[in-house]
Amino acid sequence: MSSFRSHALAGLLFGLPFISNVFYLFFALLGASVPDLDHQNNKHKVYSMIGFGVVLSVLLFFLNGDVLSGLVLILLGVIFYFSRHRGFSHTLVGIVVLSCLFSFMFMGFVSVLMRLCIDFGVNVPFSSIVFIVMVLIGYFVIHRRYLMLYILALAVYLVLFGFDFGMFNWYVVFGMFLVGGLSHLILDLRTPAGLSLFKPFIKRKFHQKMALFLFIIWLVVAVGYLVYFNPLI
Ligand SMILES: [Zn+2]
């Protein structure tokens, strides 16, 4: 099994060509960490996802009635509760679905918190709201050993550089979750156990050759993206 650290580094590397702002790399890091939530050692995180989701849904129901993000958190917890290791979250369909759900939950919680601040007349900077939501997601997906480092890096970045609502590109948030997830699959494909990458359509396992094929696709897309969208080239 590849370590959390190698998955984190691969996620950052794979996300790098596509970003206009270093801040988005935090989402690639989260995306690269998501698939291994299906590991037996992370069952306690899955239980806390469901628990937090229920508490937040009830709170939001009474505060402003917008419970959707809380329900998505419960749904994610239920998905991982029923997932066996290297199952759904280690397939292409899985990382697309999970990237959608995580980005949707992130955007949902950010909007809900912004609305609550307005409703209660509290002036909280947008970057603080983003920080709170990203710490919540990080709490579930980042390895315990690196969680404080993640929170510290996030806090330092937001204090030094900030992040305004107008700067946010929600498509890039989704893209970073996806690219991070893809980097995770490529690393796991290189292990002897391989992955049933195309489940539920194809059940057989894929190994090194598929890892190389996906890496080449990433490389072509990354170079193409840099050539067409990077003003420096
Ligand atoms: Zn994995």
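Structural data are supplied above this passage.
Note that the coordinates shown come from a computational prediction; the quantities given were computed from them, not determined experimentally.

Peer 1: Can you help me understand the overall build of the protein in this one?
Peer 2: When helices and strands are counted, the protein shows nine helices and zero strands. Starting at the N terminus, the α and β elements of the protein follow one another as α-α-α-α-α-α-α-α-α. Taken over the C-alpha trace, the protein has a radius of gyration of 18 Å; the compact-globule value for 233 residues is 17 Å, and the two agree within 12%. Over its C-alpha atoms, taken along the principal directions, the protein stretches across nearly 55 × 45 × 30 Å. For the protein, buried positions account for 35% of its 233 residues. At a minimum sequence separation of 6, the contacts of the protein that also span at least 24 residues come to 68%.

Peer 1: Would you mind showing me how to read helix 6 (residues 126-141) here?
Peer 2: Since the α-helix advances by 3.6 residues per turn, residues separated by three or four positions end up pointing in the same direction. End to end, helix 6 covers 23 Å across 16 residues, agreeing with the expected 22 Å (1.5 Å per residue, within 8%). For helix 6, the full list of buried residues reads Ser 127, Ile 129, Val 130, Val 133, Met 134, Ile 137, Phe 140 and Val 141. For helix 6, the buried positions fall inside an angular range of 155 degrees around the axis, keeping them on one side. For helix 6, the elements touching its buried residues are helix 2 (25-33), helix 3 (43-63), helix 5 (92-119) and helix 7 (144-161).

Peer 1: I keep staring at the packing of helix 2 against helix 8 (residues 170-189) and nothing clicks. Help me out?
Peer 2: Relative to each other, helix 2 and helix 8 sit at 45 degrees, their axes nearing to 7 Å. In terms of their interaxial angle, helix 2 and helix 8 are classed as oblique. The crossing of helix 2 and helix 8 is right-handed. Residue-level contacts link Phe 27, Ala 28, Leu 29, Leu 30, Gly 31 and Ala 32 of helix 2 to Val 173, Met 176, Phe 177, Leu 178, Val 179, Gly 180, Gly 181, Ser 183 and His 184 of helix 8. In terms of residue class, the contact of helix 2 with helix 8 is made up of 10 nonpolar, five polar and no charged.

Peer 1: Looking at this structure, how should I read the nonpolar core?
Peer 2: Note that soluble globular proteins tend to have their nonpolar side chains buried in a common cluster. Ala 28 and Leu 30 are the most contacted members of the largest nonpolar core, which totals 54 residues. If you list the elements that add at least two residues to this core, you get helix 1 (4-15), helix 2, helix 3, helix 4 (68-82), helix 5, helix 6 and helix 8. Considering every element that reaches this core, the biggest residue donor is helix 8, with 12 residues. Aside from chain neighbours lying at most four places away, what touches Leu 30 is Phe 102, Ile 137, Gly 138, Val 141, Phe 177 and Gly 180.

What counts, and where the lines are drawn
Residues numbered from 1 in each chain as written. Predicted model: local features only at pLDDT ≥ 70, side-chain atom pairs only at ≥ 80, totals over all residues. Helix = DSSP H or I, 4+ residues; strand = E, 2+ residues; numbered from the N terminus. Rg over C-alpha atoms; globule rule 2.2 N^0.38 Å. Buried ≥ 20, exposed ≤ 12 C-beta atoms within 10 Å, placed from the backbone. Contact = placed C-beta atoms within 7 Å. Expected span 1.5 Å × (residues − 1). Arc of directions from axis to C-beta. Axes fitted to C-alpha atoms, helices over the stretch in contact; angles between N-to-C directions. Parallel < 35°, antiparallel > 145°, perpendicular 65-115°, else oblique. Left-handed = near helix turned anticlockwise from the far one by under 90°. Nonpolar A, V, L, I, M, F, W, Y, C, P; charged D, E, K, R; others polar. Core = buried A, V, L, I, M, F, W, Y, C linked by C-beta atoms within 7 Å.

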